[in-house]
Amino acid sequence: MKRLLLAVAPLCLIALLSPIALAETPIDTQRQALVQQAVDSGQWETAISRLGVLYARTGDVAVRSDLIALLIRADRLDEALSVCPGCSADVYTKSELLDLGGAARRQGNAELALSFFSHLALREPEDPAAWLGQALAHTDLGQYALAESALSRYEMLSGTTLEAMEARGYLAAETGNVLAELQARQALVERGPDRANEIRAMYRLALRLGASEPARRMVEQHPELFTSSDALWLRYYEGVNALRLGIHIDDHRSIERGLALLDQVVAADDLHPDLARLADYDRVVALAQLRRFSQAEALSERLLHQYGRLPNYVLRARAHALNGLGKPEQAIAIYQALLRDEPERGADLSDPLYEALFFSHTDARQFREAQRLLEAWRRTEPPYRRDFTGTTHIENPNLSKVLLLDTMLEAWRGNEREALTQVDAYLAEAPANAYLWQLRGDIGRWRGWPEQAQADYRQAVSLLGPDQRDTARHGELMARLQQGNWQGTVTQVRQELDNAKPSVSRDNLEREWREQRAAELSFSVEQSDGQGGGGTQASREWRSDIVFRSPRSDNGSRYFLQHRHQQGTFDEGSLRAGYAIAGYEWNLFPSQVTLAAGHGLHLNDEPHFSAALRHDFTDHLAVTLGAEYNSLTTPLRALNDDVSADRYHAALTYRRDERRSLGTEMSLTDFEDGNLRRSALGYWQERLFHRDRWLLAATGWLGGSLNDEMDASYYNPERDTYLSGELMLEYAHPLGYRRTFTQGITAGVGRYWQQGEDDDDTWSLGYHQRWELLPSVSIEYGIARQRAVYDGQAEHDTVVTGTLVWRFP
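Residues numbered from 1 in each chain as written. Predicted model: local features only at pLDDT ≥ 70, side-chain atom pairs only at ≥ 80, totals over all residues. Heavy atoms only, no water.

J.: Looking at this structure, how should I read the state of the cysteines?
T.: Note on terminology: a disulfide is the covalent bond linking the sulfur atoms of two cysteines. Within the structure shown, the criterion is met by one disulfide. Through a disulfide, Cys84 is tied to Cys87; the S-S separation comes to 1.4 Å. Across the disulfide from Cys84 to Cys87, rotation about the S-S bond amounts to roughly 60°, and the bridge is consequently right-handed. (Disulfide = S-S within 2.5 Å.)

J.: What is the right way to look at helix H24 (residues 434-446) in this model?
T.: The end-to-end C-alpha distance of H24 is 19 Å, a good match for the 18 Å that 13 residues give at a rise of 1.5 Å each. The buried fraction of H24 is high, at 11 of 13 residues. In this fold, the buried residues of H24 make contact with helix H22 (397-412), helix H23 (416-429), helix H25 (450-463) and helix H26 (470-483). The backbone nitrogen of Tyr435 has a side-chain oxygen 3.0 Å away, supplied by the residue at the start of H24, namely Asn433. Just past H24, the residue Gly448 takes up positive phi, approximately 85°. (Helix = DSSP H or I, 4+ residues; strand = E, 2+ residues; numbered from the N terminus. Expected span 1.5 Å × (residues − 1). Buried < 20%, exposed > 50% of the residue type's maximum accessible area, 1.4 Å probe, protein only. Contact = heavy atoms within 4.5 Å. Polar contact = N/O pair within 3.5 Å; in protein donor to acceptor, adjacent residues only side chain to side chain.)

J.: What should I look at first to understand the nonpolar core in this one?
T.: The nonpolar side chains of soluble globular proteins are, as a tendency, buried together. Grouped together as the largest cluster of nonpolar side chains are 60 residues, with contacts concentrated most on Tyr335, Phe358, Leu374 and Trp377. Those residues in contact with Tyr335 that lie beyond four places of it in its chain are Arg316, Ala319, His320, Leu353, Ala356, Leu357 and Ser360. Of all hydrophobic cores here, the second largest spans 41 residues; its members include Ile48, Val63, Ala103 and Leu120. (Core = buried A, V, L, I, M, F, W, Y, C linked by side-chain atoms within 4.5 Å.)

J.: Just to check I follow, could you spell out the environment of Ala135 for this structure?
T.: Along the chain, Ala135 turns up in helix H8 (residues 128-140). Residues Ala135 and Leu146, 11 residues apart in the sequence, show an inter-C-alpha distance of 7.2 Å. If we skip the residues at most four places from it in the chain, Ala135 touches Ala147, Ala150 and Leu151.

J.: For this particular structure, what's the right way to read helix H9 (residues 144-158)?
T.: Residues spaced three or four apart along an α-helix face the same direction, because each turn holds 3.6 residues. With 15 residues, H9 should reach 21 Å at 1.5 Å per residue; the first-to-last C-alpha distance of 21 Å fits that figure. Inspection of H9 places Ala147, Ala150, Leu151 and Tyr154 among the buried residues, and these make up the whole buried set. The buried residues of H9 occupy an angular sector of 100° when the element is viewed end-on, so they sit on one face. Set apart from the buried face of H9 by more than 90 degrees, the exposed residues are Ala145 and Met156. (Arc of directions from axis to C-beta.)

Below, the structure written as structure tokens:
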């Protein structure tokens, strides 16, 4: 709009050539000659110099006017404004006031310009140029209401002139009213279709408004006005518009289109550095929105090193990518910095940063920090907000969000039962709230109630629109996988992964399926060092198991290989035995059949066959039946005596929830030496306390056996009973996302009764550690000291255990 600087003044040279008075004087003759010399021969410096001398000698007003006009024409603005330093505005002519006002504006002194134009308006209130000059000067000074008033006065006097349109465009540009500026530019182009500057300005405005199609038509209609760089900018803005639209309506296809256009921009030759920087910034946002987190983080890291810092909207996308990559601690630092810089964004209705920071805290298992954040956020949220019209109060959606997040946090901190109670209380007030049903399904799945979770997810789906059902549908599929209901579910999972838009729930579904179907290798070992006075019962024994399970098929079935090795030192010497087994876990949901066949090793020279059936009646109740030929539980000493055993067992388990489960198992072990062992066991497990990283649990056992009275080298009491209980206290220390170091202690006491012997106390004290190094690798080991009783004699054992589990997703 700088070209408007001279718009308020008549053409200077025309004014110079007009006589000041009807009668010419020698001074007028000299003045006109000097002006004519400047115009005709271009001798501006000579003319200005001689006019200056003439004005200094005569002080003539007309000479001063021409001198000022020539100085402005020569772009010597300071000199023009200093021709008469002692003159007040009253002594200047109309043309001088207009010229000096224009010069002051061009020099950037809008206040001085306004004083000239205002004085002229007071002197000649019907002069349109005075009002136009005031409008422009007021706009320069940011006095937009006064500018609008002056411009309206000008239009009343002169109508809608080209100058008025330009002034309106300038005012709209300064006030950020892009639409008004576009309208003004459009009017100018309609008056003068060949106005190249206005067409280019309209092009830029169209891009800013997201009107890429009109911008493209301008390029096609006036190719001579635009360069290849303009075409790249057009493509950039088309990409940004597609990206913004996709984010706004949650359409990943639009985001992908935008990213493709941005990729074309950065791949172009001779790319302007500013355009390359902006395109890369928006590519980070697009990649993060599409959950291509590795690419987004790599690009943002490069840009950070290249430019030193990133805009806040790019940092927001980078934090999102870091969180998705399992680096919540780094994301937390970025979110906190953004909130310090823009605290108002914390509770923004469309994208509250508090919510993103909350999930980063919970992913890092910083539950107390997450709780404090929610409490602070809740204090800032009123019960009601105005709607988009600003006239009606509606329930504050952010407050509802805080309440739901608080419920989720309650479950994650270990109080799933209270979290479910909260959800049910909310549902009593809003039974048609789909997101409450969805959260209820999540909590049910976390508690190990997949059947109940599926019912809640289906209720949520029935209340949601077709484009909002992904999360609930994915939750139902995860619950079915967790339940073991794989038949047909895997096909649906594949369809969702192929067709669903990128989302947290889609990622969780993919991870759940990948990890549940994964092949698995496990190795476990246990060593007991007997030190007591039990004579023939004292032992030094190792037992190890190596098991490989193949990936699950689409119906949830899989093969497995197992190698068991037992070695012990007894009075008879060192004994070794083992099993090599191949088996198949056949998923017949809600039942599972496990079939295995193999052969004994070393002392054990018998084939092995086993079959087991597990049937889940509900989320809570399950029964297991099984039979083994040449059982894996056969004692080493029995095998040393060439005695194998067959075992038949049945178990009933009841799992009320994550806090409590109980069960019973009965078995018959038929030894080849004629002994029939009848055993029974009942147990109760209770989670007494779980908060954040602390867990306290208790287990109680009651069991016993009845054996035939006969001589045997293996331990074979005629009748025995035991009652014991154990407390376990664990503390989990996070090592990163889904990586944990857990250590715990166990302490147990019990009583043992054996027919024909005195009853006695038993106890145990142990320490263990567990490392979850990766989602697919875990290591656990421990050591315990225990007191057991055999045939009335106490035996103190040191028990060493170790387990490695490695999955191959």
